[in-house]
Amino acid sequence: MDSINLLILVCAGLAVAAVFTSVLAFRFGAPLLLLFLGLGLAAGVDGLGGIDFSDTHTAFLIGSAALALILFDSGYHTSLKSYRQAAAPAITLATLGVLVTTALVALPGRYLLHLSWSEALLLGTLLSSTDAAALFFLLRTGGITIRDRVRSTLEVESGSNDPMAIFLTLTLVTLLTGQQASGPWQILGRFILAGGGGVGMGLLGGWLIIAVVNRLRLDPGLTPVAVMGLAAAVFGLTNLLGGSGFLAAYLAGLLAGNAKLQGGGGLRRFQDGITWLAQIAMFVTLGLLATPSQFPALLGAAALLAAVLTFVARPLAVFLCLTPFGFGKRERVFVAWVGLRGAVSILLGLVPLLQGVPQAGRFFDIAFLVVVASLLVQGWTVRPLARWLGLIVPDKTGPVDRMEVDLPGLADREMVAYVLHPDSAVAQGRPLPRWARPILVRRAGRLSSTPGPLQAGDRVFLLAAPHQVPLLDGLFGRVRDQAETEAGLYGDFAMTPDITVAALRDAYGLGLPALPDALTLAELFRREFRQDLELGDRLHLGPVDLIVRDMTDGRITSVGIALDPSPPVGWERLKLRLEARFPRLFGAAS
Amino acid sequence: MEIIDLISPESVVPNLRATSKKQALQELARRAADLVGLPERTVFDVLLDRERLGTTGVGNGIAIPHGKLPDLNRLHGLFARLEKPINFDSIDEQPVDLIFLLLAPESAGADHLKALARVSRLLRDKAVCEKLRGTDSAEGLYALLTDNPATRAA
């Protein structure tokens, strides 16, 4: 009995400790997942805790289940719109990109570490997939808004390359252990089965989840349990049938997340909690499993592979895969750098151990070390890099004090409550749209349904469709002082999109050769970006940049012109900032 | 390119009176025409032409009307602080009370762009604008506009 109680105490203690470390992480911007991993190490066999955990099977079980839930959740939070926008480049990265990365990482493995070809390739596949959990955490929780296309591409890629890496790993492991018939045709057949089965079961699972939630009148407390249970079941069943369970879980999440679900708000909160728990469980378990005393011998090899991966393999794969899709240089640099490796690589490192590949322990250890390096180096630099490359879109609104309440029986409406910020558009006299009339206002502790004009500090309750909530945020939240960032991102002056190239040329004496005179600015953008056009897109025209300032229903309604486009990016901006802070240092020079 | 290269104490108007965008541009064109020695109508037309491409009201109460003139010898700036804010079709739909007018020779090319960027960056600084709004003498305004450019670079 006591051993069971002790086990519960230890597990719960680790979970609670992990939650506490998150306070640290948010304060220092440290990669939180690394802290979870570190906690596992600290509690483990060579750490303070001294827990001797070496049960590979249990670790793999916990890791797989956690990863399935994380992938389901990442699908759930990906909007179909951004999925469609990013699908082609992201899937190219997830397939071709994974192969290229694998091959390029295998080369030094073969020639510098003197592994056999299959071993070197196995090592390459372990490290080839970017990690959804780590990436989502960084991009979403990091408090920054990265430009849509770049963010979606990274997210969809990380969601869909895990299945590819897992498939390759399993294939190579069977090759190494010589278990199954593994001619090229069998491998191709299994690949098609894995992909097709994953897609089919994922769509089926997503449909099933939507049907169960919306048709059956479940107790609100049971709904999230049903959803999570079904997601895990889809994962398990797909794997049993030979399909890719991870792919299925991701697609089921994508479908369910984009449908109007009963009690969507409660579901989201429950899922956030479960996903946190899954991340903590996965990282702490993997940290616990590792044996750091074996690391020093492999440090050199791991450092070499991490360097090759970060500076050669990933950038080459990204440049190769993204160039046909018209990604700019800065965007490619960012995507190349943010190829974060995470738990998936470590988890895959367990597969050779489980299948009895000789000397499999070092694969696990190397994967572990490379992941730590990746989380440390890339995880810590994502934010500054994005800012450096000018890929961050300023939030339209500042922090918003908002609460959402589900309305039983209504999937397309929810009750939203805002505390009206003194600097919000509404508090400054902006009228409310017709569909956003408050139904109840709490002012000075009293409720009223006919409060008269709204005042700052009022708690305003209103009904809204979920897709209208961002608009409401803009009305009730603080309007940011963003003149400075705006000008950097959207230019100095606004221009009408239907003026012609000739008019622009005349106004500023620009050269602009090779552009037809009669082309309007809107047509120019269309010509360059086709369907992908989004807010903040830039065209370099000689000394100036044209920028999409505003859009309505996919049409450009305002074009910005940046007259001196170099300063807000990279070095120049850093210099300006330094000048502002230390005028005396620069005053004499300028 | 610094502000001091663009304006002189004579080209600062501390209390311009106007009730509409058109009237403000007309008044500015008249004063600018005096400064550069060109017909008022020519200057006004150039400014109007530029407004047709999109408003030069850049938000936060600032407008930077500008244009190119063939017979100009160098870049000329004119700064005006309005007595009462006026509607200028600004991008943020807020009334305008600080106007920096910039005229460039036909051949100025890159210098024109640099000067505009410099003016735009200066007037993006909220603190500077607050000080300009609180100053009603031409000398004071001129001093503020041309003061210590390095600290204003960011």
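## Topic: helix α12 (residues 295–322) of chain A
Owing to its 3.6 residues per turn, the α-helix aligns residues three or four sequence positions apart on the same side.
Stage number 1. Here α12(A) is 28 residues long, yet its end C-alpha atoms lie only 36 Å apart, well below the 40 Å a rise of 1.5 Å per residue gives.
Stage number 2. The largest bend along α12(A) reaches roughly 45 degrees and is located at A:Leu309.

## A word on the pairing of strand β4 (residues 66–69) of chain B
All names here are of chain B.
Stage number 1. Both faces of β4 are covered, namely the face carrying His66 and Lys68 and the face carrying Gly67 and Leu69.
Stage number 2. Bridge count for β4 against strand β6 (residues 96–105) is 4 bridges, and the pairing is parallel. Following the sheet pairing, His66 is matched in β6 by Leu102.

## Quick look at the packing of aromatic side chains
Residues and elements named next belong to chain A.
Stage number 1. All chains considered together, the criterion is met by 8 aromatic pairs over all chains.
Stage number 2. Ring geometry for Phe72 against Tyr76: centres 6.1 Å apart, planes inclined by 40 degrees, an arrangement best described as tilted. A residue pair is termed a helical-turn pair when its members lie 3 or 4 positions apart in one helix, as Phe72 and Tyr76 do in helix α3 (residues 56–76) at 4 residues. In terms of burial, Phe72 and Tyr76 fall into one category: buried.
Stage number 3. Aromatic pair Phe311 and Trp337: ring centres 5.9 Å apart, planes at 45 degrees, arrangement tilted. Of the two residues, Phe311 is situated in helix α12 and Trp337 in helix α13 (residues 329–337); the sequence distance between them amounts to 26 residues.
Stage number 4. Taking the relative accessible area as the measure of exposure, Phe311 reaches 57% and is therefore exposed.
Stage number 5. Taken together, Phe295, Phe364 and Phe368 form an aromatic cluster joined through their ring pairs.
Stage number 6. Over the face of the ring belonging to Tyr111 we find Arg110, whose NZ or CZ atom lies 5.6 Å from the ring centre.
Stage number 7. Above the ring of Phe363, the side-chain terminus of Arg362 is found at 5.4 Å from the ring centroid.

## A short note on the sheet that holds strand β6 (residues 493–495) of chain A
Sheet strands associate in pairs through backbone hydrogen bonding, adopting either a parallel or an antiparallel arrangement.
All names here are of chain A.
Stage number 1. One open sheet holds the 4 strands; their spatial order is β6-β9-β8-β7, and the pairing between them is antiparallel. The outermost strands of the open sheet, each flanked by one partner alone, are β6 and β7 (538–541). Each strand axis lies, on average, 30 degrees off the axis of its neighbour in the sheet, ignoring direction.

## What to know about the environment of B:Lys114
Residues and elements named next belong to chain B.
Stage number 1. If you trace the backbone, Lys114 turns up in helix α3 (residues 110–124).
Stage number 2. Among the residues examined, Lys114 registers a relative accessible area of 47% and is labelled partly exposed.
Stage number 3. In the structure, Lys114 is positioned 113 residues away from Met1 in sequence and 6.7 Å away in space, judged by C-alpha atoms.

## Focus: the pattern of salt bridges
Residue and element names in this part refer to chain B.
Stage number 1. As enumerated under the stated definition, the model contains 17 salt bridges over all chains in all.
Stage number 2. We note a salt bridge from Asp45 to Arg41, for which the minimum N-O separation is 3.2 Å. Taken together, the residues Asp45 and Arg41, both in helix α2 (residues 40–53) and 4 residues apart, mark about one turn of the helix.
Stage number 3. On the basis of relative accessibility, which here comes to 53%, the residue Arg41 falls in the exposed class.
Stage number 4. Linking Arg133 and Asp97 is a salt bridge whose minimum nitrogen-to-oxygen distance equals 2.9 Å. Of this pair, Arg133 sits in helix α4 (residues 126–133) while Asp97 is found in strand β6, placing the two residues 36 residues apart along the sequence.
Stage number 5. Take Arg133: its relative accessible area is 23%, and that puts it in the partly exposed class.
Stage number 6. In this structure Asp97 comes out as buried when scored by relative accessible area, which is 16%.

About the thresholds
- Residues numbered from 1 in each chain as written.
- Chains lettered and ligands numbered in written order.
- Predicted model: local features only at pLDDT ≥ 70, side-chain atom pairs only at ≥ 80, totals over all residues.
- Heavy atoms only, no water.
- Helix = DSSP H or I, 4+ residues; strand = E, 2+ residues; numbered from the N terminus.
- Expected span 1.5 Å × (residues − 1).
- Bend = angle between axes of the 7 residues up to and from the residue.
- Buried < 20%, exposed > 50% of the residue type's maximum accessible area, 1.4 Å probe, protein only.
- Pairing = 2+ DSSP bridges.
- Phe/Tyr/Trp six-rings, centres within 6.5 Å; stacked < 30°, edge-to-face > 60°.
- Lys NZ or Arg CZ within 6 Å of the ring centre and 35° of its normal.
- Axes fitted to C-alpha atoms, helices over the stretch in contact; angles between N-to-C directions.
- Salt bridge = Lys/Arg side-chain N within 4 Å of Asp/Glu carboxyl O.

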